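Structure assessment
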Amino acid sequence: MKNHILLEITYPNKCAACDEIIPEDKFLCDYCAVCIKNTEYKKVCTRCGLQKDNCRCKNREFHFAGIIGAYKNEGIARKAYYSYKMGRRAELADFFAKSCAAAIKEVFADIKFDAVFSVPTAHRSRLKRGFDHSELIAQKIAGILGVNYVRGFLKTRHFRPLQHKSEFAKRLENVRGKYYTDKKIGASNVLLFDDIFTTAATLDECAKELMFAGAGNVYCVSVLSTYLKKKHSGEKKNGN
Ligand SMILES: [Zn+2]
Ligand SMILES: [Zn+2]
């Protein structure tokens, strides 16, 4: 009898950002749904992914042809994303995939994508969460766009991160040579997904590998983009 009662218990659906109980078919409560801020696409440079008034295309060359984040890495969007990633709420992947697909349709409206790839997730974090947070969203984005998701194309090399550089330089150097693939791509426009970008160093490194593997153009999409402050002490004038 006791077991029977336990089986009857169902957990109520909660808002991804504030934990308020909401209907089963929703991801956010009405308040959070109104307050969540999508990226203001017109204010963002889609070449480097930063605000137009802080654009760094002049000082840096990227291997990808364009980049966009669906939300700024703050407030409700950040809370909701961390409920998904750290709170292991895999069911929220649909919401973020739809947000990314909407950003792609808005910013890369004229691009016909041939395949979707994702930045590899560390084995340890995949084991800890029980699901691959990046792969799950990337797969769903591919489903919405009606193209193939290519699993496990990029692999990670393991090496020790540098500790003595400034934050910005460290981010760039820590990912250099970190990703590789031994396969070839026969696709012209590919979409590359990572959940969050800041300097876009990881996405750029993966884009470089995809280009080496034969991709024509790589476009990047993320759930969250972290906008840096205007001054970057470690950024070299012509560095990458
Ligand atoms: Zn809420
Ligand atoms: Zn730019």
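A few points on the structure. Note that the structure is predicted; figures quoted are calculated from it, not measured. (Residues numbered from 1 in each chain as written. Chains lettered and ligands numbered in written order. Predicted model: local features only at pLDDT ≥ 70, side-chain atom pairs only at ≥ 80, totals over all residues. Heavy atoms only, no water.)

What about the overall build of the protein chain?
Helix and strand counts for the protein chain come out as eight helices and eight strands. Summarising the internal contacts of the protein chain: among those between residues at least 6 apart in sequence, 73% fall at separations of at least 24. Surface summary for the protein chain: the accessible area is close to 13400 Å², and the carbon and sulfur share equals 51%. (Helix = DSSP H or I, 4+ residues; strand = E, 2+ residues; numbered from the N terminus. Contact = heavy atoms within 4.5 Å. Areas by Shrake-Rupley, 256 points an atom, 1.4 Å probe, with all protein chains shown as cover.)

Some points on the coordination of the zinc ion (ligand 1)
Six octahedrally arranged donors around a metal ideally form angles of 90 or 180 degrees; four tetrahedrally arranged donors ideally form angles of 109.5 degrees. Note on the zinc ion (ligand 1): its protein donors are Cys15 (SG), Cys18 (SG), Cys29 (SG) and Cys32 (SG). The metal-donor distances range over 2.3 Å. Bound by four donor atoms, the zinc ion (ligand 1) shows angles of 101 to 117° at the metal and therefore tetrahedral coordination geometry. When its relative accessible area of 0% is taken as the criterion, Cys15 is described as buried. Overall, Cys29 belongs to the buried group, its relative accessible area being 3%. (Donors = N, O, S within 2.8 Å, 3.2 Å for Na, K, Ca; no water. Tetrahedral: all angles 85-135°; square planar, octahedral: opposite > 155°, others 65-115°. Buried < 20%, exposed > 50% of the residue type's maximum accessible area, 1.4 Å probe, protein only.)

What to know about the pattern of salt bridges
Under the defined criterion, the tally for this structure stands at seven salt bridges. Between Asp195 and Lys85 there is a salt bridge, with the nearest N and O atoms lying 2.8 Å from each other. Placement of Asp195 in the loop between strand S6 (189-193) and strand S7 (196-197) and of Lys85 in helix H3 (residues 75-85) is noted, with a sequence separation of 110 residues between them. The exposure class of Asp195 is buried, given its relative accessible area of 6%. Among the ionic pairs, Arg89 bridges to Glu91, the shortest N-O distance being 2.9 Å. Look at Arg89 and you get buried, because its relative accessible area is 15%. (Salt bridge = Lys/Arg side-chain N within 4 Å of Asp/Glu carboxyl O.)

Focus on the pairing of S6
Most of S6 is tucked away: five of the five residues are buried. Every second residue of S6 is oriented toward a common face, with Asn189, Leu191 and Phe193 on one face and Val190 and Leu192 on the other, all of them buried. Where strand S2 (residues 115-118) and S6 come together, four bridges link them in parallel fashion. Paired with Ser118 across the bridge in S6 is Phe193. Bridge analysis of S6 against strand S8 (residues 217-225) gives five bridges, and the strand direction is parallel. When the bridges of S8 are listed, Leu192 appears paired with Cys220. (Pairing = 2+ DSSP bridges.)

Digging into the coordination of the zinc ion (ligand 2)
Distances from the zinc ion (ligand 2) to its protein donors, namely Cys45 (SG), Cys48 (SG), Cys55 (SG) and Cys57 (SG), fall within the range 2.3 to 2.4 Å. Given four donor atoms and angles of 103 to 118° at the metal, the environment of the zinc ion (ligand 2) is assigned as tetrahedral. Judged by relative accessible area, Cys48 falls into the buried class, the value being 3%. Cys57 sits in the partly exposed class, given a relative accessible area of 24%.

Focus: the nonpolar core
By size, the foremost hydrophobic cluster in this structure holds 72 residues, and its most contacted members are Leu28, Phe96, Ile137, Leu192 and Leu210. Among the elements that take part in this core, helix H4 (residues 93-107) stands out by supplying seven residues, more than any other. Two domains each put at least three residues into this core: domain 1 (1-35) and domain 2 (40-225). Beyond its immediate sequence surroundings of up to four residues, Leu210 is in contact with Phe117, Phe153, Leu154, Ile185, Val190, Leu192, Ala215 and Val218. (Core = buried A, V, L, I, M, F, W, Y, C linked by side-chain atoms within 4.5 Å. Domains from an automatic or database assignment.)

A few points about the packing of aromatic side chains
A full pass over the atoms with the stated rule returns 13 aromatic pairs. Ring centres 5.5 Å apart and planes at 50° place the aromatic pair Tyr81 and Tyr84 in the tilted group. Linking Tyr81 with Tyr84, this pair stays in helix H3, spanning three residues, or about one helical turn. Neither residue differs from the other here; Tyr81 and Tyr84 are each classed as buried. Note on Phe117 and Phe153: the rings are 5.0 Å apart at their centroids and 70° apart in plane angle, and the pair reads as edge-to-face. (Phe/Tyr/Trp six-rings, centres within 6.5 Å; stacked < 30°, edge-to-face > 60°.)

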